[in-house]
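The primary structure of each chain is shown beneath.
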Amino acid sequence: MSHQLPDVQASQPDVTVGLSQVGVTGVEKLVKIARDGKRPLVLMAEFEVFVDLPGGRKGIDMSRNMQVIDEVLEAAVSEPAYRVEDMCGDAAERLLAKHEYTTTAEVSMTAELVVREDTPASGLSTQSTAQIIASATATDEGTREEIGAEVVGMTVCPCSQGMSASRARDVLQDLAVDDDTIEEFLDTVPQPGHSQRGHATLTVETEGSPEVDLMDLIDIARDSMSARIYNLAKRPDEDHMTYHAHANAKFVEDCVRSMAELSIDALDHLGDDAVVHMKQSNDESIHQHNAHAEREVTLGQLRDELDA
């Protein structure tokens, strides 16, 4: 008995609608970051690569173009780069040149960066990690590049802390402590509040290469939260982190505002058209939900707001 194969082609939709992004995700490559006078950093990076698809074209020829994409990424990462965002820009421009039908090519990259540092109180050597975020979008008009990072820190809830301070005030009053002493104590000793692990993300995007130091962006993101955290923590370090976090209680909205204020000084050399993306997400400790806040704004608009 013969079996007639289904007419697969007949079931396909008419090709009339273009697509803004078609490509591949999860492409892993080793990337070398050159450093003056030092050995290059070697990162295991994950790439996402997209091109736009005009109406009337069925697809990007995935199997054939996977080879093109792989060749482009291999060429881009074959030599040490000083800036990962420039490497993404190079790859995006190569993709744009190789796909004659497309008008936009996008390449994004993430990788874990390990940073050596000392613990805040005991001064012991340890390491921290940050997730590098880099991307580029190439069109016939030019290439925009983005660089930044996601870091982890600690936040303390001001609302929860305020309720603890009110409770402490009532107890001290019941113990006949005078009001001036109570207020001096509460000003000196931060009261408990529920804390959470926070994730701060800060990126900067400009026409061409952003002239910014990635480590500056990492520092801004870490300092925007209530306190930095460390992989290694002896008792003095734990006390340091806990005290400073409770002395600097912040909502997620406050963390984004802190990133904005710290970014103005660090990025004062960039033009008004530079775009800053700030994001804070907290893993809540006493709720089943998480808290999130973010802002994407041009430096020009941010300057106007902070100068007002």
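Everything numeric here is computed off the predicted structure, so don't read it as measured data.

Parameters at a glance
- Residues numbered from 1 in each chain as written.
- Predicted model: local features only at pLDDT ≥ 70, side-chain atom pairs only at ≥ 80, totals over all residues.
- Heavy atoms only, no water.
- Patch = residues over 30% accessible without salt bridge, like charges linked within 9 Å, V, L, I, M, F, W, Y side chains within 5 Å.
- Areas by Shrake-Rupley, 256 points an atom, 1.4 Å probe, with all protein chains shown as cover.
- Salt bridge = Lys/Arg side-chain N within 4 Å of Asp/Glu carboxyl O.
- Helix = DSSP H or I, 4+ residues; strand = E, 2+ residues; numbered from the N terminus.
- Buried < 20%, exposed > 50% of the residue type's maximum accessible area, 1.4 Å probe, protein only.
- Core = buried A, V, L, I, M, F, W, Y, C linked by side-chain atoms within 4.5 Å.
- Contact = heavy atoms within 4.5 Å.
- Axes fitted to C-alpha atoms, helices over the stretch in contact; angles between N-to-C directions.
- Parallel < 35°, antiparallel > 145°, perpendicular 65-115°, else oblique.
- Expected span 1.5 Å × (residues − 1).
- Pairing = 2+ DSSP bridges.

1. Considering a nonpolar patch on the surface
Part 1: A grouping of Leu30, Val42 and Met44 is seen on the molecular surface, where their side chains present a nonpolar patch of about 310 Å² in accessible area.
Part 2: The topology assignment puts Met44 in strand β2 (residues 38-53).
Part 3: Under the relative-accessibility criterion, Met44 is labelled partly exposed at 48%.

2. Some words on the nonpolar core
Part 1: Within the largest apolar cluster, 66 residues are counted, with the highest numbers of intra-cluster contacts made by Phe47, Val84, Met87, Val107 and Met109.
Part 2: In terms of residue count, helix α2 (residues 84-98) provides more of this core than any other element does, seven residues in total.
Part 3: If near-sequence neighbours (up to four positions away) are discounted, Val107 is found in contact with Phe47, Glu48, Val49, Leu73, Cys88, Ala91, Ala92, Leu95, Ala134, Ser135 and Ala136.

3. Thoughts on the packing of helix α7 (residues 252-266) against helix α8 (residues 299-307)
Part 1: Close contact between α7 and α8 brings their axes to 11 Å; oriented N to C, the two are set at 110 degrees. Between α7 and α8, the crossing angle belongs to the class labelled roughly perpendicular. Side by side, α7 and α8 meet where Ala260, Glu261 and Ile264 of the first sit next to Leu299, Leu302, Arg303 and Leu306 of the second.

4. Digging into α2
Part 1: End to end, α2 covers 21 Å across 15 residues, agreeing with the expected 21 Å (1.5 Å per residue, within 8%).
Part 2: Among the residues making up α2, those that are buried are Val84, Glu85, Met87, Cys88, Gly89, Ala91, Ala92, Leu95 and Leu96.

5. Thoughts on the pairing of strand β5 (residues 142-156)
Part 1: For β5, the buried fraction is high: 11 of the 15 residues fall into the buried class.
Part 2: Here nine bridges tie strand β4 (residues 125-139) to β5, and the two strands are oriented antiparallel to one another. Paired with Thr139 across the two strands is Gly142, which belongs to β5.
Part 3: The antiparallel pairing of β4 with β5 creates a hairpin that spans two residues between the two strands.
Part 4: Here β5 pairs with strand β6 (residues 195-207) via 12 bridges, running antiparallel.

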